[in-house]
Amino acid sequence: MPIGNVYVIAAIAIVGGGLFGFDISSMSAILGTPQYKCYFNQGPPTTDPGQCQGPRASVQGGITASMAGGSWLAALCSGFISDIFGRKKAIMFGAIVWVIGSIIVSASQNIGMLIVGRIINGFCVGICSAQVPVYISELAPPSKRGRLVGAQQWAITWGILIMFYISYGCSFINGTAAFRLPWALQMIPAILLFIGMYFLPESPRWLARKDRWEDCHTVLTLVHGKGDPNSPFVAKELQDIKDMCEFERNNADASFLELFKPNMINRTHIGVFTQIWSQLTGMNVMMYYITYVFAMAGLTGNNLLVSSSIQYVINVFMTIPALLYVDHWGRRPTLLVGALLMMTWMFANGGLLKSYGHYAGPQGVNNTPEASWSISGPPSKAVIACSYLFVASYAPTWGPVSWIYPPELYPLRIRGKAVALSTSANWAFNFALGYFVPPAFVNIKWETYILFGVFLFAMFVHVYFAFPETAGKTLEEVEFMFTDPLGPKYIGTIPWKTKIVTQKALLLERGELDEEKAVQFGHEEDAERSASESREQNVKA
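Residue numbering note: each chain is counted from 1, following its sequence as written. Totals for whole chains, interfaces and linings use all residues, but because this is a predicted model, local features are given only for residues with pLDDT of at least 70 and pairs of side-chain atoms are given and counted only at 80 or more. The basis for every side-chain value is the complete set of non-hydrogen atoms in the structure, without hydrogens or water.

Observations concerning the overall build of the protein
Secondary structure elements are taken from DSSP: a helix is a run of H or I of four residues or more, a strand is a run of E of two residues or more, and numbering for both begins at the N terminus. Check the secondary structure of the protein and you find 23 helices and two strands. The C-alpha atoms of the protein give a radius of gyration of 24 Å, which matches the 24 Å a tight globule of 541 residues would have. For the protein, the spread of C-alpha atoms along the principal axes amounts to about 75 × 60 × 40 Å. Between buried and exposed lies partly exposed: a residue is buried under 20% and exposed over 50% of the maximum accessible area for its type, with that area taken using a 1.4 Å probe on protein chains only. In the protein, which comprises 541 residues, the proportion classed as buried is 60%. The contact definition used throughout considers only heavy atoms, calling two residues in contact when any of these lie within 4.5 Å. Taking the intrachain contacts of the protein between residues at least 6 apart in sequence as the baseline, contacts between residues at least 24 apart amount to 80%. Looking at the protein as shown, the accessible area adds up to about 20,400 Å², and 67% of this sits on carbon and sulfur atoms. The centroid of the 38 positive side-chain charges in the protein is displaced by 7 Å from the centroid of its 36 negative side-chain charges. Each radius of gyration reported is based on C-alpha atoms, and the globular scaling rule is 2.2 Å times the count of residues to the power 0.38. Note on areas: these come from Shrake-Rupley sampling with a 1.4 Å probe, and a residue is covered only by the protein chains present in the view. For the charge count, each Lys or Arg is scored as positive and each Asp or Glu as negative, with His and the chain ends excluded. The atom standing in for a charge is NZ when the residue is Lys, CZ when it is Arg, CG when it is Asp and CD when it is Glu.

Next comes the structure, spelled out in structure tokens:
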């Protein structure tokens, strides 16, 4: 008998996101250790471990970015895998791929083998990061969808934290076991994910797409009806899915090309840019290369690693408020506030480094060329504080919402492929930034922070004018919002006029809101929107 509790389902599925977190800190915690630097050293030969420079900046960027390169390709392919074999089997396949990649990475004899292993690991992360949010969003009730899909980000933060401390503990081991052991331990959560997914149900919407209506009804009864096949909410959701499937069969075929047709291009651009902007916040840069940043601020040795780990603790615990309240806060306000706060901390760090720091020379701080700018005294403490505040601003905002939002935007027939495309944009930019940042720290130094601050300003403006609210709406209601005849053609309801309707969703799920009152909710929203548009037209006249 499959598991029917949505929280247990999400807890197992999001382990796929945790694998991404494991990868982030398995690199960030290790790339500064002498064992890693000396084994993969490309600087002058030396017998002193403290003098090993490790891979060149551009090569280290390539090592870090190789996983994102594999993720980009796999994310694109994951839509086809998911649509053909199902969301559940796609995630299980990703877990198998991760084990293979981890074996190669932990056995790496040279940089080339390390890169190949990380690319294969990236295949898994690309599949899971694209399809876990789709799987959970298609199973979750509307009032809890944000919380459950956002839990993927929480799993990522836990993966980062756990793997960092494992890597930190292993850093005291002499020899290559210092990095081989943590890289090998990454296999354990993937094995657990594969086993756990076996006991979970398939997505009811994917089953409906395959005309397996009896199975679809069974899953809805299990997950949403608490075993009652006659539950009003189950009946309503099943009918909504039937109506949407019938409409989709009569109107279009599912293909990537459909994402670029006039009636879909607006949604495609929103989903893609949600993931692009989440990378251009600079957060993953902070995750991968925080040891460079704190080295510039004068931290060394164990102090450097322990201080770096504090941001991972902040990341875990500051994600919790979003999981509890994101369905009440809404998507738009959360993204806008996050962009504004992160922009403040990025500009503050750039200003502090420019005003109080100085060039550290071609060898950088502590023989690390990427740590090209040195700052000390109280201003260095301010840089560390702003870095922590940046993480605390990202964790409850763009972190979870960038995974919650894209699966909510698209109709069922293309959801798998659409989310795969948007997630592939995430990995394309993750790859570009992973490769770009080490040379950027070497060449443009403190201006790197200013660059990300400008990106954050741009995303604030873009979100305000283009991103509609989806909180509390069923996936079928979101479809109506984008096709609203009262709004501009191909856009639907104007983004800044969209509302949060979580309260309505809660009442429906509890059976406290009948169809007549539900329709009244909709009529009130339409009337309010029509009145607003009439006022605007009168002002223009």
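Let's talk about empty space enclosed by the protein
Points on a 1 Å grid, built from protein atoms alone, make a cavity when a 1.4 Å probe fits but cannot get out and make a pocket when they are open with protein on both sides within 12 Å along at least 5 of 7 lines; residues with an atom within 4 Å of a point are the lining residues. Grid points are joined across faces, edges and corners, and a volume is the space filled by probe spheres set on the points. Throughout the structure, instances matching the rule amount to four cavities of 30 Å³ or more. Of the voids in this model, the largest cavity is the one considered here, and its volume is about 120 Å³. If you go around the largest cavity, you meet 15 residues; those closest to its centre are F20, Q153, N284, Y394 and W403. Listing elements by their share of the lining of the largest cavity, those giving two or more residues are helix 2 (15-28), helix 7 (145-170), helix 13 (265-280), helix 14 (283-296) and helix 18 (398-409).

Considerations on helix 8 (residues 177-185)
Along helix 8, the positions that sit buried rather than exposed are A178, F179, R180, P182 and W183. Tucked into the core, helix 8 has its buried residues touching helix 2, helix 3 (34-39), helix 5 (87-106), helix 6 (111-139) and helix 7.

Section: the nonpolar core
For this analysis, a nonpolar core means a set of buried residues of the types Ala, Val, Leu, Ile, Met, Phe, Trp, Tyr and Cys, connected via side-chain atoms within 4.5 Å. Of all hydrophobic cores here, the largest spans 139 residues; its most connected members are Y36, Y135, I136, W183, M197 and W398. When residues in this core are grouped by element, the largest group, eleven residues, is from helix 6. With residues up to four places along the chain from it excluded, the contact list for W183 reads S26, M27, I30, Y36, F40, S102, V105, S106, L114 and M163.

Notes on the state of the cysteines
Cysteine sulfurs are considered disulfide-paired once they come within 2.5 Å of each other. Within this structure, the stated rule accounts for one disulfide. Its sulfur unpaired, C170 is 18 Å from the next cysteine sulfur, which belongs to C38. Among the residues examined, C170 registers a relative accessible area of 8% and is labelled buried.

A few points about helix 17 (residues 378-394)
One turn of an α-helix holds 3.6 residues; hence residues three or four places apart share an orientation. To estimate how far a helix should extend, the number of its residues minus one is multiplied by 1.5 Å. For helix 17, built from 17 residues, the straight-helix expectation of 24 Å at 1.5 Å per residue is met to within 8% by its first-to-last C-alpha distance of 25 Å. Most of helix 17 sits out of view: twelve of its 17 residues are buried. For helix 17, every residue scored as buried is listed here: P379, S380, V383, I384, C386, S387, Y388, F390, V391, A392, S393 and Y394.

Quick notes on the packing of helix 6 against helix 7
Put simply, helix 6 and helix 7 touch, their axes get as near as 9 Å, and they point 160 degrees apart. As the angle between them shows, helix 6 and helix 7 are arranged roughly antiparallel. In the crossing of helix 6 with helix 7, the sense of the turn from one axis to the other is right-handed. Contacts from C128, S129, V132, P133, I136 and S137 in helix 6 reach R145, L148, V149 and Q152 in helix 7. Here an axis means a line fitted to C-alpha atoms, over the contact stretch when the element is a helix, while the angle between two N-to-C directions is reported on a 0 to 180 degree scale. With respect to orientation, any angle under 35 degrees is reported as roughly parallel, any angle over 145 as roughly antiparallel, any angle of 65 to 115 as roughly perpendicular, and every other angle as oblique. Two helices that cross are described as forming a left-handed crossing if the nearer one is turned anticlockwise from the farther one by less than a right angle, and a right-handed crossing if clockwise.

Topic: the side chain of S278
Looking at where S278 falls in the secondary structure, it is placed in helix 13. For S278, a relative accessible area of 2% puts it in the buried group. At 2.8 Å, the side chain of S278 and the backbone oxygen of Q275 are in polar contact. Excluding residues within four positions of it along the chain, S278 makes contact with Y394, W398, S402 and N426. Residues adjacent in sequence count toward polar contacts only when both atoms are side-chain atoms; beyond that, a polar contact is any pair of N or O atoms within 3.5 Å, and within protein one must be able to donate a hydrogen and the other to accept it.

So, the pattern of salt bridges
Here a salt bridge means any side-chain nitrogen of Lys or Arg lying within 4 Å of a carboxyl oxygen belonging to Asp or Glu. One pass over the full model with this rule turns up eleven salt bridges. Among the ionic pairs, D215 bridges to R212, the shortest N-O distance being 3.1 Å. Judged by its relative accessible area of 38%, R212 is partly exposed. Between K236 and D240 there is a salt bridge, with its nearest N and O atoms 3.0 Å apart. Placement of both K236 and D240 in helix 12 (residues 232-251) is noted, with a separation of four residues, approximately one turn of the helix. The class for K236 is buried, based on a relative accessible area of 17%. Each of D83, R87, E138, R415 and K417 takes part in a single network of salt bridges with overlapping partners.

Some details on unusual backbone geometry
Unusually for a residue other than glycine, D211 sits at a positive phi of about 65 degrees. One can find D211 in the loop between helix 10 (204-209) and helix 11 (213-223). D211 sits in the partly exposed class, given a relative accessible area of 48%.

Describing the side chain of S402
For S402, the location among the structural elements is in helix 18. Assessed through its relative accessible area of 2%, S402 is described here as buried. In contact with S402, not counting residues within four places along its chain, are T274, Q275 and S278.

Digging into the environment of T274
If you trace the backbone, T274 turns up in helix 13. Residue classification places T274 among the buried positions, given a relative accessible area of 0%. Taking the C-alpha atoms as reference, T274 lies 8.7 Å from V463; in sequence the two are 189 residues apart. Not counting residues within four places of it along the chain, the set of residues in contact with T274 comprises W398, S402, Y405, P406 and F467. Within polar-contact distance, the side chain of T274 engages the backbone oxygen of I270 at 2.7 Å.

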